[in-house]
Amino acid sequence: MTRSGQEYLESLRDGRSVWLDGEQVKDVTEHPAFRNTARSVARLYDMARDPGWRDVLTVTPEGQQRPVLRAYHVPRTQAELIERRKAFKTWSEASFGFLGRSPDYMAAGIAGFVSSPDIFAGADFDGRDNLAAYHRRMSEGDLYPAFTITNPQIDRTRAGSEQEQDDLFVRVVKERDDGIIVRGAKMIGTGAVFGDEIIVGTIEPLPRQDIEYALTFSVPLSTPGLKFISRTSYEAQARSVFDNPLSSRFDENDALLVCDDVFVPWERVLTYRDTDTTFGMWWLTPAYNNFVHQAATRFWTKLEFLAGLAILIARSNNTYQLPPVQMQLGRIMGWLSIAKSMVLAAEAEYERVPGENGAVHLNRAIASAHRAMAGDIYPKVLAELKLLAGGGLIQLPASGFDLTHPELGPLVAKYVRSTGTPAEQRIKLMKLAWDALGSEFASRHEQYERFYHGAPHVYLPGIVRDGDPDHLAAFTQSCLDGYGLDTHENFPVPGAGGEHHGGS
Ligand SMILES: Cc1cc2nc3c(=O)[nH]c(=O)nc-3n(C[C@H](O)[C@H](O)[C@H](O)COP(=O)(O)OP(=O)(O)OC[C@H]3O[C@@H](n4cnc5c(N)ncnc54)[C@H](O)[C@@H]3O)c2cc1C
C-alpha cells in the first residue's frame, strides 16, 4: 500500500526552515497557519489506500509488487491517459479544485521527464541516471514534489548574469568532488512547505552566458541552507471552518525559496551548466503537457463547484427561474462545458511522445490553448457569480457565533434568511461563496489561474507554436488561390453591360 496520511504528516516534522511573519515555524502540522491544509493533503494520501479509491489513485507498475500513485506512472495508451485523468479528478474533487499543487501535479511532471530521458543527456553532464533514481525515489516513496522554477521578478529585461547584484537567482557558486553549492532565490513555491522534496530549476529560456544559472536539482525540504518565506496565511486568518470553509482548509500557501549556500550532492543534480537541457526538460519532454492534464482536470472540477454554487445561490435568492438568471447560469455552465470538453478532446486527440519509451501525452495544441482559456474565463466566472449573488455575499454576520447569541440569534434568524432557506443554511452558503469569490483567498486563486502556468507573453505565442500555423495559413491561402483579379470579362462594370461570373 502507499503511505498513509499519518506517515505523510510525520515526514513533515523534519526541521524544515519555514518562516511566517518573522518567526520560524517549528512544525507545519501543528501551526495554525498550516495544520488544516497539511491534513487536507494527508487525506489525499489516505484516499489512495482506501478500497473505494485505491484502484483509481494508484497503479502497480509492471514487474513491481507495490503500487505507486498513478500520477507517477507513464501512460502508454489512451486508456492509461484516461485512467490518470480519473485519478486527477478524484483528488481534485477532495478540495473542490482549490488545491492546485497537490502532490500529483509535479508527480505527473516527473513522469513526463522519464518519458523522454535522453533530453537529460547534456554535452558535459549526463543527468539520465540521476533522473531514473529521482523517479524511483519519488514514486516508490509516494513523495510530494514541490517546485520553484521561476526567478524573482527583480528585472525581467535582464538575464541572471546581468542583474544589478550577483546571486539574485539560484546559481552554482562552488563545485566540489561530492556535489555543488548553490545560492540565490526562486519563486513561487506553491504548496512547497507541504512537500517532501523541492525541485529547483528554470522554465524560461536561458541565454548562453547564464551557464551558472543553468541547473536543476531536487533536494529534501530539510536540506541545510534552504529557507521558505511564506506569504500571508489565509488559514491563520480564518475564524472557523463555518466562516471560511475553503481558506481554512485548502490554503496551499506560496513561499519564496532562498538558497543560502546549499550543498547539493551530485546524485541529486538533473541538469548542470547546460542551458539547453535546463530549458528543454520542461518543454521537450511531456512534463509541461502533463502539468496541464492535472491542471485542466482540476479546473474542470473547480468550475463544477462554482456552477453548483451559482445554482444554490440562485435558488436561495429565489431568482433561479428568472430568465436573466437562467442566462447567467447558462453562461457559467457553458464555460464549464468548455473546460471539460478540452480535457476530453485533448485525450481523444492524444499524441505519441517521440522516442523509444512508448509514452503518450495530451494533444499539444489543445493543452496549450487550455492555458489561455482558463486564465481568460476564470475571472469571468467569478464576475458572473458576484452579479448573481448580489448583497447577500456581504450582509452576513461576522461569524456563525451570532446565530447562537441569545439576543442576536433571533434577529439574525429572522432577517438573514430567504424564502425556503433558514438563516444558518443561508449564512453557511454565502460564507462559502464569499470565500470562493471575494476573500483574499479568492483573489489569490484568480491570480493563480491567470499565472500559475506562466505569463500571457509566454503562453500565447506557445499556442501559435503548437497550433500548426502553416496548416491554418495554407487553408486560408486555398481560399485566396481560388480566385484572381477581376477583369472586365468576368466582372460587370456598371454601365458597361456583360455578365457577372464571380471567381474562377
Ligand atoms: C499564485 C501563483 C502560484 C504560483 N506557483 C508557482 C510554483 O509553484 N512554482 C513556480 O515555479 N512558479 C509558480 N508561479 C509563478 C508563475 O510560474 C509565474 O507567475 C509565471 O511564470 C509568470 O512569471 P511572473 O509572475 O514573474 O510574471 P512576469 O514574467 O514578470 O510577467 C508579468 C507581466 O509583465 C509583463 N511582461 C514581463 N515580461 C515581459 C516580456 N518579456 N514581454 C512582454 N510583457 C512582459 C506582462 O504584462 C506580464 O503579464 C506561481 C504564480 C502565481 C501567481
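Residues numbered from 1 in each chain as written. Predicted model: local features only at pLDDT ≥ 70, side-chain atom pairs only at ≥ 80, totals over all residues. Heavy atoms only, no water.

Trainee: What is the right way to look at a nonpolar patch on the surface in this model?
Mentor: Together, Leu408, Leu411 and Tyr415 make up a nonpolar patch on the protein surface, roughly 310 Å² of accessible area in all. Its location among the elements puts Leu408 in helix α12 (residues 408–415). (Patch = residues over 30% accessible without salt bridge, like charges linked within 9 Å, V, L, I, M, F, W, Y side chains within 5 Å. Areas by Shrake-Rupley, 256 points an atom, 1.4 Å probe, with all protein chains shown as cover. Salt bridge = Lys/Arg side-chain N within 4 Å of Asp/Glu carboxyl O. Helix = DSSP H or I, 4+ residues; strand = E, 2+ residues; numbered from the N terminus.)

Trainee: What exactly am I supposed to notice about the packing of helix α8 (residues 275–283) against helix α9 (residues 287–316) here?
Mentor: Two packed helices can be described by the angle between their axes and the distance between those axes. Axis separation between α8 and α9 bottoms out at 5 Å; the angle between their running directions is 35 degrees. Together, Met281, Trp282 and Trp283 of α8 and Ala287, Tyr288 and Phe291 of α9 make up the contact between the two elements. Residue composition of the contact of α8 with α9, by class: 6 nonpolar, no polar and no charged. (Axes fitted to C-alpha atoms, helices over the stretch in contact; angles between N-to-C directions. Contact = heavy atoms within 4.5 Å. Nonpolar A, V, L, I, M, F, W, Y, C, P; charged D, E, K, R; others polar.)

Trainee: Can you walk me through the sheet that holds strand β9 (residues 215–220) in this structure?
Mentor: Sheet strands pair by backbone hydrogen bonding; their relative direction is either parallel or antiparallel. Read across the sheet, 4 strands follow the order β5-β8-β9-β12 without closing on themselves; strand pairing throughout is mixed. On the outer flanks of this sheet lie β5 (145–148) and β12 (269–272), each paired with one strand and no other. Direction aside, neighbouring strands of the sheet carry axes that sit 20 degrees apart on average. Bridge count for β5 against strand β8 (residues 197–200) is 4 bridges, and the pairing is parallel. Its bridge partner lying in β8, Pro145 is registered against Glu197. (Pairing = 2+ DSSP bridges.)

Trainee: Quick question: what am I supposed to make of the side chain of His453 here?
Mentor: Along the chain, the position of His453 falls in the loop between α14 (440–451) and α15 (456–466). With relative accessibility at 3%, the residue His453 sits in the buried group. Ignoring any residue separated from it by four or fewer positions in sequence, one finds His453 in contact with Tyr288, Arg371 and Tyr459. (Buried < 20%, exposed > 50% of the residue type's maximum accessible area, 1.4 Å probe, protein only.)

Trainee: Please explain the side chain of Glu449 as it appears in this structure.
Mentor: By the secondary structure assignment, Glu449 is in helix α14. Overall, Glu449 belongs to the buried group, its relative accessible area being 0%. Only 2.6 Å separates the side chain of Glu449 from the side chain of Lys302, close enough to count as a polar contact. The residues contacting Glu449, other than those within four sequence positions of it, are Arg298, Phe299, Lys302, Gly375 and Tyr378. (Polar contact = N/O pair within 3.5 Å; in protein donor to acceptor, adjacent residues only side chain to side chain.)

Trainee: Is there a simple way to explain the site of the ligand in this structure?
Mentor: Taken together, 20 residues lie around the ligand, and Arg101, Ile149, Arg156, Ile188 and Thr190 are the ones closest in. Between the ligand and the protein, one listed contact pairs a nitrogen atom with a side-chain N or O atom of Thr150 at 3.1 Å. Here Arg156 contributes a side-chain N or O atom positioned 2.4 Å from an oxygen atom of the ligand. Protein chains bury 70% of the 950 Å² of accessible surface belonging to the ligand in isolation. Listing elements by their share of the shell around the ligand, those giving two or more residues are β5, β7 (179–190), α14 and α15. Sort the elements by how many residues they give to the shell around the ligand and α14 lands first, with 4 residues. The residue makeup of the shell around the ligand, split by class, is 9 nonpolar, 7 polar and 4 charged. Here the shell around the ligand gathers at least three residues from each of two domains, domain 1 (5–66 + 117–283) and domain 2 (287–466). (Near = heavy atom within 4 Å. Domains from an automatic or database assignment.)

Trainee: Looking at this structure, how should I read the UniProt feature "domain: HpaB/PvcC/4-BUDH N-terminal" (unreviewed entry) in the protein?
Mentor: Those places that UniProt annotates as "domain: HpaB/PvcC/4-BUDH N-terminal" (unreviewed entry) correspond, in this numbering, to residues 5–270. The span residues 5–270 carries 27% helix and 23% strand; its end-to-end C-alpha distance comes to 29 Å. (UniProt positions renumbered as here; feature names shortened; annotations may be inferred.)

Trainee: Looking at this model, I keep getting lost on unusual backbone geometry. Mind explaining?
Mentor: Here the bond from Met187 into Ile188 is cis, since omega is -20 degrees, no more than 30 degrees from zero. Unusually for a residue other than glycine, Asp21 sits at a positive phi of about 50 degrees. Among the structural elements, Asp21 can be located in the loop between β1 (18–20) and β2 (23–25). Under the relative-accessibility criterion, Asp21 is labelled exposed at 71%. Located in the positive-phi region is Arg273, a residue other than glycine, with phi close to 45 degrees. Residue class for Arg273 comes out partly exposed when judged on its relative accessible area of 36%.

Trainee: Hey, could you run me through the sheet that holds strand β11 (residues 254–265) in this one?
Mentor: Strand order in this open sheet of 6 strands is β2-β1-β10-β11-β7-β6, and the pairing throughout is mixed. Since the sheet does not close on itself, it has two edges, and those belong to β2 and β6 (171–175), each with one partner. Averaged over all adjacent pairs, the angle separating strand axes in this sheet is 20 degrees, with direction ignored. Pairing between β1 and strand β10 (residues 226–230): 2 bridges, direction parallel. Across the sheet, residue Trp19 finds its bridge partner in β10, namely Ile229.

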